[in-house]
Amino acid sequence: MPEPSKEELLARIAELEKQAGPRKKGAIEFRVGEKGGVSVYGLGRFPVTLYYEQWVRLLGSADELRAFLEENKSKLKLKTAE
């Protein structure tokens, strides 16, 4: 079976993207990278990527992170709602 051409692959990608529908702006999306890290898309310009153990550790500190954010809210740059 011959390898598909670049044009065929691009056409297939476009077809799959149409089937998936439009992405919601600001929607958070998770993906597993080829090296096994979990990336979170939709938070900013670049994805945030951590490995399993790092996500578990971060999630375990969620209460402390929330408290820290509230204590330092006056020092933080906040985006206004659009």
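The structure under discussion appears in the preceding block.
Once a new chain begins, its residue numbering starts again from 1 and follows that chain's sequence as written. Local features in this predicted model are restricted to residues of pLDDT 70 or higher, and side-chain atom pairs are both shown and tallied only at a pLDDT of 80 or more, whereas totals for entire chains, interfaces and linings draw on every residue. For the side-chain quantities, the full set of heavy atoms in the structure was used; hydrogens and water were omitted.

A.B. asks: In this structure, what is going on with the environment of leucine 78? I would like to understand it.
C.D. replies: For helices the rule is a DSSP run of H or I covering at least 4 residues; for strands it is a run of E covering at least 2, with both sets numbered from the N terminus onward. With respect to the secondary-structure elements, leucine 78 resides in the segment after helix H3 (62-71). Residues leucine 78 and glycine 21, spaced 57 residues apart in sequence, show a C-alpha to C-alpha distance of 31 Å.

A.B. asks: Mind showing me how you'd approach the side chain of asparagine 72 here?
C.D. replies: Here asparagine 72 shows up in the segment after H3. Overall, asparagine 72 belongs to the buried group, its relative accessible area being 13%. A 3.5 Å cut-off defines polar contacts: any pair of N or O atoms within that distance qualifies, except that in protein one atom must be a possible hydrogen donor and the other a possible acceptor, and neighbouring residues in sequence count only when both atoms are side-chain atoms. At a separation of 2.8 Å, a polar atom in the side chain of asparagine 72 contacts the main-chain carbonyl oxygen of phenylalanine 68. For the exposure calls, accessible area comes from a 1.4 Å probe over protein chains only, and a residue counts as buried if that area is under 20% of its type's maximum, exposed if over 50%, partly exposed in between.

A.B. asks: Sorry if this is basic, but what is going on with a nonpolar patch on the surface here?
C.D. replies: What makes a patch is a set of residues exposed beyond 30% relative accessible area and free of salt bridges, joined within 9 Å when like-charged and within 5 Å when nonpolar (Val, Leu, Ile, Met, Phe, Trp, Tyr). Only the protein chains shown count as cover for residues, and all accessible areas are computed by the Shrake-Rupley method using a 1.4 Å probe. By definition here, a salt bridge exists when the distance from a side-chain nitrogen of Lys or Arg to a carboxyl oxygen of Asp or Glu is within 4 Å. Taken together, the side chains of Leu58, Leu65, Phe68, Leu69, Leu76 and Leu78 present a nonpolar region at the surface, about 530 Å² in accessible area. The leading source of residues in the nonpolar patch is H3, at three residues. Here leucine 58 lies in helix H2 (residues 52-60). Under the relative-accessibility criterion, leucine 58 is labelled partly exposed at 39%.

A.B. asks: Sorry, what's going on with the sheet that holds strand E3 (residues 48-50) here?
C.D. replies: The strands making up a sheet are joined through hydrogen bonds of the backbone, oriented either antiparallel or parallel. With antiparallel pairing, the three strands of this open sheet are ordered in space as E1-E2-E3. In the strand order of this sheet, the two ends are held by strand E1 (29-32) and E3, each with one partner. Across the sheet, the axes of successive neighbouring strands diverge by a mean angle of 20°, strand direction being ignored. Judged from the four bridges that link them, E1 and strand E2 (residues 38-41) form a sheet pairing that is antiparallel. Two strands pair if DSSP finds at least two bridges between them. The angle between two axes is taken between their N-to-C directions and runs from 0 to 180 degrees, where each axis is a line fitted to C-alpha atoms and a helix contributes only its stretch in contact.

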